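Analysis of the macromolecular model
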Amino acid sequence: MSKSLLIISRQAPWSGPGAREALDIALAGGAFDLPIGMLFLDDGVFQLSTRQQPGNLQQKDLGANLQALPMFGVEDLYASQRSLAERGLDTAELNISVQRLDDSALTALLDRYDQVITL
């Protein structure tokens, strides 16, 4: 049986390659039916915002990649409740559905996965 993998995405969408790399790893792993979950933490929650304007930075929108995650079998999507609140993001303005987790639930989540990658 494959080991489970949790990918923690902590970077804002356009602050460097981390956000794109986290999505690429999740999509690739999902294509091979690996048990993968993805956690958006700290500035990584900005990836979930519908208010992104990547055209202003001459970048491509990550929204389509995020919405493809469930189609690739990556259905366990989580976000830190604290990170969302600190950055003023409401569930209604997220481009995908995620489970909001408080700090104690985040600790329990980390214990459920065999391997954790943070980008």
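Residues numbered from 1 in each chain as written. Predicted model: local features only at pLDDT ≥ 70, side-chain atom pairs only at ≥ 80, totals over all residues. Heavy atoms only, no water.

1. Description of the overall build of the protein chain
Where we set the bar: Secondary structure follows DSSP: runs of H or I at least 4 residues long count as helices, runs of E at least 2 residues long count as strands, and numbering of each begins at the N terminus. Relative accessible area decides the class of each residue, using a 1.4 Å probe on protein chains only: under 20% of the type maximum gives buried, over 50% gives exposed, and in between gives partly exposed. Whether two residues are in contact is decided by their heavy atoms: any pair within 4.5 Å suffices. Accessible surface is estimated by sampling points in the Shrake-Rupley manner with a 1.4 Å probe; for residues, cover comes only from the protein chains shown.
From N to C terminus, the protein chain includes four helices and five strands. Among the 119 residues that make up the protein chain, the fraction classed as buried is 44%. Here the analysis covers contacts within the protein chain between residues at least 6 apart in sequence; of these, 75% occur between residues at least 24 apart. Accessible surface, the protein chain: about 6,500 Å² in total, of which carbon and sulfur atoms supply 50%.

2. Structural notes on unusual backbone geometry
You will see that D33, though not glycine, has its phi angle at about 60°, which is positive. Looking at the secondary structure, you find D33 in the loop between α1 (18-31) and β2 (36-40). Judged by relative accessible area, which is 69%, D33 ranks as exposed. Even without glycine at this site, D42 takes up a positive phi of about 55°. Along the chain, D42 falls in the loop between β2 and α2 (63-68).

3. Side note on the side chain of S83
Inspection of the secondary structure assignment puts S83 in helix α3 (residues 81-86). Apart from residues no more than four positions distant in its own chain, S83 is found in contact with L41, D42 and V45.

4. As for the environment of G29
Turning to its location among the elements, G29 is positioned in helix α1. Classification of G29 as buried rests on a relative accessible area of 6%. For the pair G29 and L5, spaced 24 residues apart in the sequence, the C-alpha separation amounts to 8.9 Å. Aside from chain neighbours lying at most four places away, what touches G29 is L34 and I36.

5. A closer look at the sheet that holds strand β3 (residues 76-80)
Short version of the rule: At least two bridges found by DSSP between two strands are what make those strands a pair. To get an axis, fit a line to the C-alpha atoms, keeping to the stretch in contact for a helix; angles then go from 0 to 180 degrees between the N-to-C directions.
Taken in spatial order, the five strands of this open sheet run β4-β3-β2-β1-β5, and their pairing is parallel. Lying at the two open borders of the sheet, with one neighbouring strand each, are β4 (99-101) and β5 (115-118). On average, adjacent strands in this sheet sit at an angle of 25° to one another, irrespective of strand direction. Relative to β5, strand β1 (residues 5-9) is paired through four bridges, and the arrangement is parallel. Across the sheet, the residue bridging to I8 is T118, located in β5. Set on the sheet, α1 makes contact with β1 and β2; between it and β2 the angle comes to about 160°. Helix α4 (residues 103-112) rests against β1, β2, β3, β4 and β5 of the sheet, and its axis sits at about 110° to β4.

6. Regarding the pairing of β2
Filter applied, for reference: Seen with its strands pointing away from the viewer, a crossover is right-handed if its path from the first strand over the helix to the second goes clockwise.
The element β2 is largely enclosed, with a buried count of five among its five residues. Examined bridge by bridge, β1 and β2 share five bridges and lie parallel to one another. From the neighbouring strand, S9 faces β2, where its bridge partner is F40. Handedness of the β1-α1-β2 crossover: right-handed. As judged from the four bridges shared by β2 and β3, these two strands associate in the parallel manner. Residue pairing across strands places L39 opposite Y78, the latter belonging to β3.

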